[in-house]
Amino acid sequence: MFYPAPEGGSNRKRNMDVKSRNYLLMNRQALEKDIKTSYIMDRMISDEVLTLQEEERVKQQNTQKERAAMLINIILTKDNNSYRSFYNALLHEGYRDLAALLQDGIPAVSSGNRKSSMDGMTSYVKTVLCEGGVPQRPVVFVTRPKLVDAIKKKLYCLGSDPGWVTVYGMAGCGKTVLTAEALRDHQLLEDYFPGGVHWISVGKQDKAGLLIKLQNLCSRLEHDLTLSQRSPLNIEEAKDRLRLLMLRKYPRSLLVLDDIWDSWVLKAFDNQCQVLITSRDRSVTDAVAGNKFEVHVESGLAHEKGLEILSLFVNMKISELPEQANSLVRECKGSPLVISLIGALLRDFPSRWEYYLRQLQNKQFKRIRKSSSYDYEALDEAMSISVEQLNDNYKDYYRDLSILPKDVKVPTKVLCILWDMETEEVEDILQEFVNKSLLFCDRNGKSFHYYLHDLQLDFLTEKNRNQLQELHRNIVNQYKKYYKLKMPVPSQEDCMYWYNFLAYHMAGANMQQELRDLMFSLDWIKAKTELVGPAHLIHEYVEYSSVLDQKDSTVRENFQEFLSLNGHLLGRQPFPDIIQLGLCQPETSEVYQQAKLHAQRETGTFYLEWMNKKSLKNLYRLVVRPHRDAVYHACFSKDRQRIASCGADKTLQSACRGVSQLSRELAISQPVTW
């Protein structure tokens, strides 16, 4: 259970209840041993119960345990609101066992507090947004009430009818933050979207990438179903699954699609539901039907808002800011992202106003010009300054992030493998980047996923262009060192990352032989298609054909054709025997050659091979319909030219054309497939 967040606006000093203090003191040892203070303090600062100076006191401690002890000492000097905020932070950050120790010590909430909280961040709102994956409010946050209210008004306009609200503007103007802020409204969620909010970060995608996003969304929405379903294998299937989920399980809910680039992507979400999108392109909803409303976010903050952000970062009143502040805000061109980057630097080095202003005015950094909608003139400069402030070791780690795929949240485990480090060490390094606004973290309980803003990734890619091949090679070698000859399994946190992006890294490293060994392996094809279907693999054969075909395109074409022609079978449950499917390929095919070697090595498994393939005019027109469950009996005719089988699916099947047996032992529980 969540408890209402503390209410601001009162300067009256109150002491913490004796009972609450006692619970903190009794459980102090367990708290100091386990908690990591960074994310806990982020939430307490956003609740306005912890100051930036107090946060700095905690950070100055040498060890994790000492930092936790200092934080608890500070909380003990505060009031009941601090206790509630600390308890809520433990819940949100996945420390449910520790929160349970403090639950009986939670002080009672006055009716006045409960009433005033109805206008904003109540416990109900926090729960809905946390479950829906809505991004948290930034630690340094400046309200823009006119834009927030405009978004709310457009959501009210939807009423109970299906439709679209588009929040559009250039990159880095604050669309995502403003959209998330508009949803922090108890009345809005309770009256208009009682089914909840479901947030998905989309980004620029091809069809294979969109399918992955849809699969992940469906999986998240189905998380509490008693019978788990396999992932949808194509976009149409995913669209139908999503439509049924929204209609039956989540009626009157809001779907938020963050960072939409292409109008065709929206067709996959056109399911007669209520959708809020953020985009750089105002016309992105032209391809879909329904009521449409727009909110334009202007390209830059007002000058006063920029000064307010800087003042919050350096913990000074606007009137106390040095004279360089006005020029600095102008050089940042009103971009909230750039002002935040500079503000984070000034928080660490408060005497460097003149230095950072001079760096921006000199415009000495190489500019990225891939899209006119990007404010690269300011961003590239601020990014360079931020990276240069990292110590040398951290610069190398940050450079390694240049090869991350766009719009992908990377599990901590992937970076543990890349850097050959323990989880805690990796999280400490990444937290340094997060603190300096160089990286973003998506936290779901104790699971951490990291990602770069697309502008930051563009900057890193350009800056390290000559080293990208070597960086890709390094991550592949680290993967091979960690997994050796094994493959990731679905229960592992990093599993989906490697199945989706290992080939991407091999191609980026121009590791031709390694990429061929991977993508021309029936074991890899079987493992990947069982997880995500054949579409993504087919896309990779096309995408990386220039690397795969450096010697000859025949093998790649064999495998691509095999997947294209058997895609309808690879979507079935139970999953068909891929070796038997391979044996149905022409004898000149590399797929057939591999399948035959596998079949000859297998023991206890029965496989069939067509003897007269050459007599068929078009082998690929052969329709293969295997049994869908266990085979109970199989019998050859006397001339060995026919076979009949029956099984648990209550069908009798027969085949002629001639067969030869590659493995003589028949496992009755193994379906015979051809």
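Before reading further, recall that the structure is shown in the block above.
Residues numbered from 1 in each chain as written. Predicted model: local features only at pLDDT ≥ 70, side-chain atom pairs only at ≥ 80, totals over all residues. Heavy atoms only, no water.

A. Molecular detail of the overall build of the chain. Scanning the chain from terminus to terminus reveals 33 helices and 13 strands. For the chain, with 674 residues in total, the buried portion stands at 53%. Split by element, the accessible area of the chain, about 31,700 Å² in all, is 47% carbon and sulfur. (Helix = DSSP H or I, 4+ residues; strand = E, 2+ residues; numbered from the N terminus. Buried < 20%, exposed > 50% of the residue type's maximum accessible area, 1.4 Å probe, protein only. Areas by Shrake-Rupley, 256 points an atom, 1.4 Å probe, with all protein chains shown as cover.)

B. The pattern of salt bridges, seen in detail. Scanning the model with the defined rule gives 18 salt bridges in all. Across the pair Arg184 and Glu181 runs a salt bridge whose closest N-O atoms are separated by 2.8 Å. Like Arg184, the residue Glu181 is buried in the burial classification. With its nearest N and O atoms 2.5 Å apart, the salt bridge here joins Arg556 to Asp549. It is possible to trace a salt-bridge network through shared partners that takes in Arg137, Glu181 and Arg184. (Salt bridge = Lys/Arg side-chain N within 4 Å of Asp/Glu carboxyl O.)

C. Structural context of the packing of aromatic side chains. Throughout the structure, instances matching the rule amount to 17 aromatic pairs. Relative to Tyr451, the ring of Phe440 lies with its centre 5.6 Å away and its plane at 20°, an arrangement referred to as stacked. Here Phe440, found in strand β7 (residues 440-444), pairs with Tyr451, found in strand β8 (residues 447-451); they are 11 residues apart in sequence, far enough to count as distant. When its relative accessible area of 27% is taken as the criterion, Phe440 is described as partly exposed. Seen in terms of ring centroids, Tyr497 and Phe501 are 5.2 Å apart; in terms of plane orientation they differ by 45°. Their pairing is tilted. Note that Tyr497 and Phe501 are positioned in helix α26 (residues 495-508) at a spacing of four residues, about one turn of the helix. We note that Tyr497, like Phe501, is buried. (Phe/Tyr/Trp six-rings, centres within 6.5 Å; stacked < 30°, edge-to-face > 60°.)

D. The arrangement of unusual backbone geometry in detail. Its identity as a non-glycine residue notwithstanding, Asp259 has a phi of 65°, on the positive side. Position of Asp259 among the secondary structure elements: in strand β3 (residues 254-260). The class for Asp259 is buried, based on a relative accessible area of 15%.

E. How the structure looks around the packing of helix α21 (residues 392-400) against helix α23 (residues 423-435). For the pair α21 and α23, the least separation of the axes is 11 Å and the interaxial angle reads 85°. Between α21 and α23, the angle falls in the class roughly perpendicular. Residues Tyr394, Tyr397 and Tyr398 of α21 touch α23, and the partners they reach there are Asp428, Ile429, Glu432 and Phe433. Among the residues making up the contact of α21 with α23, the classes are represented as five nonpolar, no polar and two charged. (Axes fitted to C-alpha atoms, helices over the stretch in contact; angles between N-to-C directions. Parallel < 35°, antiparallel > 145°, perpendicular 65-115°, else oblique. Contact = heavy atoms within 4.5 Å. Nonpolar A, V, L, I, M, F, W, Y, C, P; charged D, E, K, R; others polar.)

F. Region of the structure containing the side chain of Asn566. Along the chain, the position of Asn566 falls in helix α31 (residues 554-570). A polar contact is formed between the side chain of Asn566 and the backbone oxygen of Phe562, at a distance of 2.8 Å. What Asn566 contacts, discounting residues up to four positions off in sequence, is Leu581 and Gln585. (Polar contact = N/O pair within 3.5 Å; in protein donor to acceptor, adjacent residues only side chain to side chain.)

G. Representation of the sheet that holds strand β5 (residues 291-296) within the structure. Here five strands make up an open sheet; going across it, the order is β2-β3-β4-β1-β5 and the pairing parallel. Either end of the sheet is taken by a strand with one partner, and the two such strands are β2 (197-203) and β5. Direction aside, the axes of adjacent strands within the sheet are offset by 15° on average. Sheet analysis places β3 next to strand β4 (residues 274-279), joined by five bridges and oriented parallel. Within the sheet, the bridge partner assigned to Leu254 lies in β4 and is Gln274. Of the strands in this sheet, β1 (163-168), β2, β3 and β4 touch helix α11 (residues 175-182), which is tilted by about 150° from β4. (Pairing = 2+ DSSP bridges.)

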